[in-house]
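# Close look at the chain arrangement
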Amino acid sequence: FYSCSALKVVNIPSGVTKIDNQAFYGTALESVVIPSGVTEIGRYAFYNTNIESVTIPAAVTTIGEKAFQQSNLKTIEIAALVREKIQAAVDKFQKA
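Reference entry: report on the structure contained in this document. Each chain carries its own residue numbering, running from 1 in the written order of its sequence. Given that this is a predicted model, residues contribute local features only at a pLDDT of at least 70 and side-chain atom pairs are listed and counted only at 80 or more, while totals for whole chains, interfaces and linings are drawn from all residues. Hydrogens and water molecules were not included; the side-chain quantities draw on all heavy atoms of the structure.

For the rest of this paragraph, the subject is the sheet that holds strand β2 (residues 18-19). DSSP-based pairing: two strands are paired if at least 2 bridges between them are found. Secondary structure counts use DSSP, requiring at least four H or I residues in a row for a helix and at least two E residues in a row for a strand, with both numbered from the N terminus. Strand order in the open sheet made by the three strands is β2-β4-β6, with parallel pairing throughout. With partners counted over all chains shown, the strands left at the sheet margins are β2 and β6 (62-63), one partner each. Where β2 lies against strand β4 (residues 40-41), two bridges are found, and the strand directions are parallel. For I19, the partnering residue across the bridge sits in β4 and is I41.

This part covers the nonpolar core. Among buried residues, those of type Ala, Val, Leu, Ile, Met, Phe, Trp, Tyr and Cys that are joined through side-chain atoms within 4.5 Å constitute a nonpolar core. When accessible area is computed with a 1.4 Å probe and restricted to protein chains, residues below 20% of their type maximum are described as buried, those above 50% as exposed, and intermediate ones as partly exposed. Grouped together as the largest cluster of nonpolar side chains are 19 residues, with contacts concentrated most on I19, F24, L29, V32, I34, I41 and F46. Residue contacts for F46: discarding those within four places in its chain leaves I19, F24, L29, V32, I34, I41, I51, A67, F68, Q69 and S71. By the convention used here, residues are in contact when the closest approach between their heavy atoms is within 4.5 Å.

No statement about biological role is implied by the geometric values presented.
Following this line, the structure appears as structure tokens:
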């Protein structure tokens, strides 16, 4: 869907486990539902989109660099389990 200016809404099917690099880069995407089975959001996946909010499911273990950069993102909801993983990574980084 790279640079598809007509794409505004997408419902990712429940069987999807990875959102590939640049999957929605440069689209007019305003709304996306990320299913609970997604474990990875690739680099630049939603770069330069019109998304204003997103919910990151608990299964996500990897979010690629600049996945949401240059978007209209104002709100990110992160599942509690993901928040714990982020905190653990920060703690590990601070100890290094």
